[in-house]
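Reading the structure
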Amino acid sequence: MNIFLYFVAFLLDLIFRDIELWPHPVRFIGELLNKLELISRNQHKIPLRIAGIISLIFSCVVVGSVVFCLTSLPVLGVLFSLYFAYAGLSLGGLIEKGREVIDLCKHNNIEGAREKLSYLVSRETSNMDEKEILKTLSETLSENINDGFFAPFFYLIIGGPVLLWIYKTVSTMDSMWGYKNDRWRELGWAGAKMDDILGYIPARISFCCIFLFYIIKTWDTHFYEKFKLAIKDAKKMESPNAGWPMAACGRIFDRDMGGKSIYFGKIKIKPKIGGQKNWTLYDVEKLLDFLLWCGVFSCILLLIIRSLL
């Protein structure tokens, strides 16, 4: 693929987002992982951690091989390449889902906002009030700007659709199996670790791009203090990667992130990062617009850098 097709794929994501009627590749990966889980749990000779490693390697080889074969076809390979590049990005879908939650809050439909938010996060949302919904939404938007855009786009421009979908396979396995509870701790270990490894560079790229866009947008001459505080915040988080875009957005908007969350009925206290003020509807709307245009800016910037290498 050339640079032009990367940009076209990015535009297609913003315009069409995820078309629900189309057979999205992530669904096939999910079905594959469900079958691998069943096989792993029904055998008793191989420890679950080893079964998880084998499942990770097998799924990456299968997905990578299928994408390679389809994108290598004469003539049709270009169309498959464009489709796999477009389908691997989800900035447009992330922004759309965020706006849906905001619109429900604006109409005082808190129950609807809780339900819609539950599709975006793994924590429990059933008892959240509006303040908790907005904070949770700001956190997941900030975190998923890396998982949904920066990381897949990074692997797309350095390795094409094949490397992009190997990354997406790892990311999907982490989303499905990467929980630190009794059911998934062993089987999901490999996927979680590999996701941390593959997300390491993109998370820091996202951090730098977010701040660079903020500087260009606002001409804030005192940005360096926020930059230093955001680095300190990012290092507080348990995840080696998720805290970087979250910390950047928390400090730029001077709003709070972290604190108490409930996962599978258990309370988890995360480090407090960002500012001291609560998120408002206006703040989260500004965050959505900021992340959208930051994505456009970053896409152009990264493609320019890629073309010069």
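Look up a bit, the structure's there.
Residues numbered from 1 in each chain as written. Predicted model: local features only at pLDDT ≥ 70, side-chain atom pairs only at ≥ 80, totals over all residues. Heavy atoms only, no water.

A word on the environment of lysine 193
- Position of lysine 193 relative to the elements: it lies in helix 8 (residues 189–218).
- Spatially, the C-alpha atoms of lysine 193 and valine 170 are 9.4 Å apart, while their sequence positions differ by 23 residues. (Helix = DSSP H or I, 4+ residues; strand = E, 2+ residues; numbered from the N terminus.)

So, empty space enclosed by the protein
- Under the counting rule described, the total for this entry stands at 1 cavity of 30 Å³ or more.
- In this structure, the largest cavity spans a volume of roughly 60 Å³.
- Lining of the largest cavity is provided by Arg17, Asp18, Ile19, Trp22, His24, Tyr83, Tyr86, Ala87 and Leu89.
- Its residues assigned to classes, the lining of the largest cavity comprises 6 nonpolar, 1 polar and 2 charged. (1 Å grid on protein atoms, 1.4 Å probe; cavity = no way out; pocket = protein on both sides within 12 Å on 5 of 7 lines; lining within 4 Å. Points joined across faces, edges and corners; volume = space filled by probe spheres on them. Nonpolar A, V, L, I, M, F, W, Y, C, P; charged D, E, K, R; others polar.)

Some thoughts on the environment of methionine 176
- Along the polypeptide, methionine 176 turns up in helix 7 (residues 130–177).
- A residue is classified by how much of its surface remains accessible, and methionine 176, at 24% relative accessible area, is partly exposed.
- Taking the C-alpha atoms as reference points, methionine 176 and leucine 33, separated by 143 residues in sequence, lie 8.4 Å from one another.
- Excluding anything up to four places from it in sequence, methionine 176 contacts Gly30, Leu33, Asn34 and Trp184. (Buried < 20%, exposed > 50% of the residue type's maximum accessible area, 1.4 Å probe, protein only. Contact = heavy atoms within 4.5 Å.)

Some thoughts on the side chain of serine 59
- For serine 59, the position within the fold is in helix 3 (residues 48–71).
- If near-sequence neighbours (up to four positions away) are discounted, serine 59 is found in contact with Leu32, Leu33, Leu36, Thr169 and Met173.

Some words on the packing of helix 2 (residues 25–42) against helix 3
- Across the interface, helix 2 lies against helix 3 with an axial gap of 10 Å and an inter-helix angle of 150°. Here helix 2 lies roughly antiparallel to helix 3, going by the angle between them. As helix 2 runs across helix 3, the sense of the crossing is right-handed. Counted together, Ile29, Leu32, Leu33, Leu36, Ser40 and Arg41 of helix 2 and Leu48, Ala51, Ser55, Phe58, Ser59, Val62 and Val63 of helix 3 form the full contact between these two elements. (Axes fitted to C-alpha atoms, helices over the stretch in contact; angles between N-to-C directions. Parallel < 35°, antiparallel > 145°, perpendicular 65-115°, else oblique. Left-handed = near helix turned anticlockwise from the far one by under 90°.)

Some words on helix 7
- Its 48 residues place the ends of helix 7 only 30 Å apart at the C-alpha level, less than the 70 Å of an ideal helix rising 1.5 Å per residue.
- Bending of helix 7 peaks at approximately 140° at the position of glycine 159, with proline proline 161 no more than four residues after it.
- In terms of residue burial, helix 7 counts as a mostly covered element, since 34 of its 48 residues are buried.
- The N-terminus of helix 7 is capped by aspartate 129, whose side-chain oxygen sits 3.3 Å from the backbone nitrogen of lysine 131. (Expected span 1.5 Å × (residues − 1). Bend = angle between axes of the 7 residues up to and from the residue. Polar contact = N/O pair within 3.5 Å; in protein donor to acceptor, adjacent residues only side chain to side chain.)

Describing the packing of aromatic side chains
- What the rule picks out here adds up to 22 aromatic pairs.
- The interplanar angle of 20° and the centroid separation of 5.9 Å between the aromatic rings of tryptophan 177 and tryptophan 184 together place this pair among those described as stacked.
- Among the aromatic residues, ring-to-ring pairing joins Phe207, Phe211, Tyr214, Tyr224, Phe227 and Trp244 into one connected group.
- Taking NZ or CZ as reference, arginine 204 lies 3.6 Å from the ring centre of tyrosine 200, over its face. (Phe/Tyr/Trp six-rings, centres within 6.5 Å; stacked < 30°, edge-to-face > 60°. Lys NZ or Arg CZ within 6 Å of the ring centre and 35° of its normal.)

Section: unusual backbone geometry
- Located in the positive-phi region is arginine 17, a residue other than glycine, with phi close to 55°.
- Relative to the helices and strands, arginine 17 is located in the loop between helix 1 (3–16) and helix 2.

Topic: helix 6 (residues 110–118)
- Those residues of helix 6 not exposed but buried are Gly112, Ala113, Arg114 and Leu117.
- In this structure, the buried residues of helix 6 make contact with helix 5 (91–106) and helix 7.

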